[in-house]
Structures are given as C-alpha cells and as structure tokens.
Amino acid sequence: MTKPRQITTLRAAAVISSTIIGVGILSFPRYMAEAGGSSAPLIALTGVLISFISYWLLASLCQRFPGETLFGFSRRLLGAPLATLFTILILLMFIALTGLTVRQFGDVATTVLYKKTPIEATIILMLLIGMLSTRRSVVKFSYIHFFYLPLIVGSILVTVLISLKNVELLNLQPVLMPPSPRFWNGARQASYLFQSSFIIVLLIPFMEKPGHAVRAGALAIFMSGVIYMLIVIASVGMFGAEETKLLIYPTLEMARSSAFGEGFLERLDALFIIIWVISVFTTIYTTGYLSAYLLQKLLRLRDRRMASSALLPVMFIVSMLPSNVFETYRWSLHLGQAGMILIPGYSLLLWGVHLVRGYRKKESS
C-alpha cells in the first residue's frame, strides 16, 4: 500500500516556518547586537543565507529519494552500522534541543508570567502537551502547524510594525561592518535558530510534490528570516546597540515599550507573550516529534506512543541540568554549534556517497 501524499508545498513551508519561529525570538537581537552592534540586521541576514545553504544540501538530497525518509535511504548508502550511528547522534541532538528549548520557556515563564509557580511545573506541563501531541500522524502534525502559523506571524508582524514607529534611524548606523571573526560568529549563531528545518526529511515522503521541498524550505526560511530581521531592526533601532546588549529579552522589552492608542492594543507585550507561548509549543512539537520518530525507528516500535512516553522524563532531566538562564543559553549555543557540524556534514557525506555510487553505476553500464 502506497503512502498517501497529502501535504502540500504551502503546508510543508508552514511546518518549517512555525518551527523556526520559537523560543529564541526573545533574545535574538541581543546576540546580533553583541556580534555586530548597529550592523546586527546584516549579520542576521547572513545567518539566514547560511541556513538556506545547509537546508538546500539536505532537501535536494532527500528529493532524490522521494518515497523514503533520510533514515531509510541512508542505510542503503552508508550501511546499517554507520547510518544507525548518525541517527543516534541526531536523536541525541534533538532530545537536547527539546530539553533546552523547554528550559528557556520555563525561565521566561517563571520570570514574566508565573512568578510564584515552580519552574519544574511549567516545564513538565509544556513537555506533556508537546509530547502527547507527537502521537498524531505526520499529516495531522502538518495541519496543526498550518493552523497556528497565521496567528504567530500575523501577531508578531503587527507588534513589530507598531514598534517600528519608535525606531531612531541613527541607532542603526553604520549599517555595514567589515567581515571579521566576530561577524561570522554572529552569523553562525543566527543560523542555529533554523536547524529545526531538518523536519523536511519526515515531510517529503508525504508531500504531494516532493520536488518542491527546496521551494517550501526557501519560502519558510526567508519568511522567518524577514521576521527575525524586522525584530532586530526594531530592537536595535529603539534601544541602540549598546543598550540592546544589556537586555536579557530585548524583543519583550520592545513590545513593552510600544503601544497603539489606548485600550485594546495598549499592552502589546501581553499579546506578544501569548503568541510566543504558542510559537514555543510548535517548536517543541516539531523537535519532540523528530525525537520520538527517530527512537521509534531505532527500536523498531509499532507506533510513537511508547517512544514519546519514554522520552518525556529524559527531556525533563535535560531541561533541569543548567543551573541558571545564562548556562542554558551557553549550552544552547554549544548545541547549535554541534548541529551546524553534524547536519551539513552528514548531508555532504551522503551526497558524496550518492554521487560516487551513481558515477560507478554509469561507468559499469
């Protein structure tokens, strides 16, 4: 029986985009300001381009095997032992990513929203919602992302566009800076936020047009990139680069400093934090889904229920390992750095083996 191909290109783009827009949106301008001062938007743009190159390597490879996931055809290209080793490494990466993402959510939630609630309760609640949702099929998974994306993007754009009226153009000058190690380090950090676009490897076998996987990713990455760039422009333009470096959550401060008339939209930070909680859920939903899927394939389980239940306590333990918010961000940066080596490196390895095998087959024929 063939798999039903029900995911459209637009829905695949929605999954990738709502996954990328997540917990990092609150502190992203600070990292960009630390890397490039008033040139922060340029660094963010460079990070988006790096992310797309990494995505293109992966998606264009998967397009050559439209009926299989990466974890299926990698066994034929590399052999079972080596493919299993890389699958375990990717699984560990997404378990850690889910744990650290939900920890960042817990840090913000207990600081801004639920000041008297233990962080453990906030974290376990978000993990429960995310991991219980992973039991749905890939098609339902894509519908949920497609439902939430307009709400996330629309609300963030409204908040940012209202904030832009308070921007001082002088704070954004000079726009350009000479490429330096600090510049490239900042661009690399920006690209970490886009690593969850890896979800395309699960979507392609269910896409109506698998050949449009690169197009879906391009739409998602550049739309999310524009949102991140607008947030950086609004934050640095409002506060200046030096003050942005001192703020733990500059995006939240930007929303607090903006108002639209008196009444309904006067408190933009309240609207923003509600949307941010939804965007964190969609991110955790994807990273948790990937983790449960990988564990299911490794252990050859019939469904993901057992896998998602087994992963829940592991992710909770990972989320509680950092001792404070600064350690959480430091660990997240290290994990992002490892992911930037693992995912593009794995894609290049598979590309190399695929091209060599194709060349040999051509020679023998």
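The structure contained in this document is the topic of the report that follows.

What counts, and at which threshold
Residues numbered from 1 in each chain as written. Predicted model: local features only at pLDDT ≥ 70, side-chain atom pairs only at ≥ 80, totals over all residues. Heavy atoms only, no water. Phe/Tyr/Trp six-rings, centres within 6.5 Å; stacked < 30°, edge-to-face > 60°. Buried < 20%, exposed > 50% of the residue type's maximum accessible area, 1.4 Å probe, protein only. Axes fitted to C-alpha atoms, helices over the stretch in contact; angles between N-to-C directions. Helix = DSSP H or I, 4+ residues; strand = E, 2+ residues; numbered from the N terminus. Parallel < 35°, antiparallel > 145°, perpendicular 65-115°, else oblique. Left-handed = near helix turned anticlockwise from the far one by under 90°. Contact = heavy atoms within 4.5 Å. Nonpolar A, V, L, I, M, F, W, Y, C, P; charged D, E, K, R; others polar. Salt bridge = Lys/Arg side-chain N within 4 Å of Asp/Glu carboxyl O.

**Considering the packing of aromatic side chains**
- On inspection of all chains with the given rule, the structure shows 17 aromatic pairs.
- A centroid spacing of 4.2 Å and a plane angle of 15 degrees characterise the contact between Phe65 and Phe73, whose relative ring orientation is stacked. Here Phe65 and Phe73 have matching classes, each one buried.
- Through pairs of rings, three or more aromatic residues link up here, namely Phe141, Phe147, Tyr148, Phe281, Tyr285 and Tyr289.

**Some words on the packing of helix H7 (residues 138-163) against helix H10 (residues 213-239)**
- Contact pair H7 / H10: the axes reach a minimum separation of 10 Å and the direction vectors enclose 25 degrees. Here H7 is positioned roughly parallel relative to H10, judged by the angle of their axes. The handedness of the crossing between H7 and H10 is left-handed. For the pair H7 and H10, the contacting residues are Leu149, Val153, Ile156, Leu157, Val160 and Ser163 in the first and Met223, Ile227, Leu230, Ile231, Ala234 and Met238 in the second.
- In terms of residue class, the contact of H7 with H10 is made up of eleven nonpolar, one polar and no charged.

**Looking at the pattern of salt bridges**
- Summed over all chains, the structure comprises six salt bridges.
- A salt bridge links Arg256 to Glu253; the shortest N-O distance between them is 3.2 Å. Separated by three residues within a single helix, Arg256 and Glu253 lie in helix H12 (residues 250-256), roughly one turn from each other.
- Judged by relative accessible area, which is 40%, Arg256 ranks as partly exposed.
- Classification of Glu253 by relative accessible area gives partly exposed; the value is 26%.
- Between Glu327 and Arg330 there is a salt bridge, with its nearest N and O atoms 3.7 Å apart.

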